[in-house]
Amino acid sequence: MKRLSLAFLLVALLAATHNSGAAAMPGGPSGNSGGSTQRVVSSTHRDRPDGTTPLPATPIASEVAYNPPEAIGPQDYNDTQLQLLLATNQARRNNGRGPLRLNANLMNAAQWLANDMGVHHYFNHTDSLQRSFDQRLSSFGYTPYNAIAENIAAGYATVPDAINAWLGSSGHRTNMLNATYREIGVGFANVAASDYGRYWVQDFGLRSNVYPVVINNEAPTTDSPNVSLYIYGTGYASQMMVSNRADFSGAAWQSYQTEISWQLAGGNGLQTVYVKLGTSGGSEQTNSDEINLTNQPTTTPIQTATPVPTATVCPGQRFNDVGCTYWAYSYIQSLAASGVIGGYADGSFRPHSNISRAELAKMIVLAGGWATVTPTTPHFSDVPTNHWAYRFVETGYALNVIGGYSDGSYKPTNLVTRDQLAKIVVKARGYDRSTPASPTFSDVPASYWAYGYIEQAAALNILSGYSNGTFGPGIQTQRDQLSKTLYNALAVPTATPSTPLESSPGPSIPAPTGTPTAVAGTPLWLRGRTGGSGQLACSLFLACCSAALIFAEARG
């Protein structure tokens, strides 16, 4: 039980050029159990990367094209992340600021911090690896930069709650509405058994030689070909050229404008708009953004003397939202052909949706080709005999592949995390834990409950980590990433003979066509488990602006 100390220390912070601080010490938040939910926020920013190079008064002219790492777009995110992004941009638009363009490196950094705070029980801009926020952003590849900022919050239940908390605090509001920034990354984690439950992160950045274009405030989809473009370039560009084609065929130069209306090329699917900026001195820079156009009527091409080109259709494509250029296309196609995975009634696969524990049980059983069992008495209190996944959950339990919680429940609607997935796939293939003397991943120490399973999954090449040496054990699993994991797992020979229950062979998985190329830096997943405690006696709102409350904690 946690008890809030009676002693509070009010520490004044310098806020002239650096607005930084932690609302709780790294060891964890303070408060009493029971009562209302504890909520905290904190902000920090830095106007120059090394404290010596001042921010230029006007942007630096450059011919470096804006090519976001991994060509990431808003359609690559989960619902909560997307809501956080859109709410941030809406708040900026409501206050006369431009919308921010997603940046993959900032996104990775924000996601990592949100999960790390929950898993390691702290609330601070300094992470569990003792990196300051600017060191963390640099380590995730956002460098060089001219200005960066970060807002964090914890304990808030919804996106509007977190956004309103930040807007209600001067330091966070300044970061969110600062006209200097052009790029953003957002993170959200819902971590079970953590101090606050839900963790929220915004990372803002400016690279003065990067001029993004933003379609419809970074909305992922539109059902109208008529969109709005926000084009950064003030102080740099005197003219611009806009086109739906990368070669700008048929486009003409026009005077630079910050905001214009634009018509997409038409036809359902991902649409890209290209903008070329030109300076009075002859320098040029090309930028682009993407949006998914939906609900467009399908027409039959008119045959003329010159045939009208038609869109390329992937041979045998099973799902309308997973084309043959998608990085996980071959994995998804192969598993779908074997009946391990399926799609939705609208013909979609929804590759970025998360996986529940009930759904995973079904996929694991189907992938294993196991004959299902339906005992008369359920083993779990929340998976009765009439539950749609009953036979899959019971089969997985009978084979000792999946388990439940100490309260007798299975929690079928909880979302699957990477550590849980590692344990299940390793056990499904008949392997035991591997316990090397030195951990492979910096965020999975030998004392971590799933250490042996994660190490074994990595050794078998079923799962891998991030380029920065982390694994992200609490990150929730998406359908596209699970497809690759299951494919990799089925390629691993079964270690030990299965029980007599496994009376049928596993499915024959067709070899993938071509070589699937996973996007570097993925997965970009919603982080953490469903649930979390965060029930504390005091309802606290702590903001790090010109001062911070740093309080001592007595634990008992």
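In what follows, the structure referred to is the one given above.
About the thresholds
Residues numbered from 1 in each chain as written. Predicted model: local features only at pLDDT ≥ 70, side-chain atom pairs only at ≥ 80, totals over all residues. Heavy atoms only, no water. Helix = DSSP H or I, 4+ residues; strand = E, 2+ residues; numbered from the N terminus. Pairing = 2+ DSSP bridges. Axes fitted to C-alpha atoms, helices over the stretch in contact; angles between N-to-C directions. Buried < 20%, exposed > 50% of the residue type's maximum accessible area, 1.4 Å probe, protein only. Contact = heavy atoms within 4.5 Å. Polar contact = N/O pair within 3.5 Å; in protein donor to acceptor, adjacent residues only side chain to side chain. 1 Å grid on protein atoms, 1.4 Å probe; cavity = no way out; pocket = protein on both sides within 12 Å on 5 of 7 lines; lining within 4 Å. Points joined across faces, edges and corners; volume = space filled by probe spheres on them. Salt bridge = Lys/Arg side-chain N within 4 Å of Asp/Glu carboxyl O.

**Details of unusual backbone geometry**
Looking along the chain, the bond that leaves Thr-143 and enters Pro-144 is cis, with omega of -5°. Along the chain, Pro-144 turns up in the loop between helix 3 (133–139) and strand 5 (147–154). Of note in this structure, Asn-216 is not a glycine but carries a positive phi near 45°. Its identity is not glycine, yet Phe-248 carries a phi of approximately 60°, on the positive side.

**A word on the sheet that holds strand 13 (residues 259–263)**
Overall, antiparallel pairing links the three strands, which are arranged 8-10-13 in an open sheet. Here the strands that pair on one side only, and so sit at the sheet edges, are strand 8 (213–215) and strand 13. Mean inter-strand twist for the sheet, computed between neighbouring axes without regard to direction, equals 30°. Here strand 10 (residues 226–231) pairs with strand 13 via five bridges, running antiparallel.

**Considerations on the sheet that holds strand 15 (residues 284–293)**
Taking strand neighbours across the sheet as the criterion, the five strands line up as 9-15-14-11-12 in an open arrangement whose pairing is mixed. Since the sheet does not close on itself, it has two edges, and those belong to strand 9 (221–222) and strand 12 (254–255), each with one partner.

**Some words on the environment of Ser-128**
Secondary-structure assignment places Ser-128 in the loop between helix 2 (104–119) and helix 3. Residue class for Ser-128 comes out partly exposed when judged on its relative accessible area of 28%. It is 7.7 Å that separates the C-alpha atoms of Ser-128 and Met-117, two residues lying 11 residues apart in sequence. Contact partners of Ser-128, with chain neighbours within four places excluded, come to Trp-112, Asp-116, His-120 and Tyr-122. Within the local environment of Ser-128, its side chain forms a polar contact with the side chain of Asp-116, the two groups lying 2.8 Å apart.

**With respect to empty space enclosed by the protein**
Within this structure, the stated rule accounts for two cavities of 30 Å³ or more. Taken as a whole, the largest cavity spans an internal volume of roughly 90 Å³. In terms of lining, the largest cavity is formed by Ile-364, Ala-367, Gly-368, Trp-370, Val-425, Ala-428, Arg-429, Leu-486, Ala-489 and Leu-490.

**Some thoughts on the pairing of strand 11 (residues 239–243)**
Of all five residues in strand 11, four are buried, a share of seventy percent or more. Sheet topology places strand 11 next to strand 12; two bridges connect them, and they run antiparallel. When the bridges of strand 12 are listed, Met-240 appears paired with Gln-254.

**Examining the environment of Leu-137**
Looking at the element boundaries, Leu-137 is found in helix 3. For Leu-137, a relative accessible area of 1% puts it in the buried group. Along the primary structure Leu-137 and Asn-105 are separated by 32 residues, whereas in three dimensions their C-alpha atoms are 7.5 Å apart. When near neighbours in sequence (up to four residues on either side) are disregarded, Leu-137 contacts Leu-106, Ala-109, Tyr-142, Ile-148 and Asp-203.

**Let's talk about the pattern of salt bridges**
For the structure on display, the rule yields 12 salt bridges. Residues Asp-289 and Arg-101 are paired through a salt bridge, measuring 3.3 Å at the closest nitrogen-oxygen approach. Taken together, the residues Asp-289 in strand 15 and Arg-101 in strand 4 (residues 101–102) connect sequence positions 188 residues apart. Comparing Asp-289 with Arg-101 shows no difference in burial state: the two are buried. Through salt bridges with shared partners, a single ionic network connects Asp-127, Arg-131, Arg-136, Glu-150 and Asp-203.

Everything listed is a geometric property; what it means functionally is a separate question.
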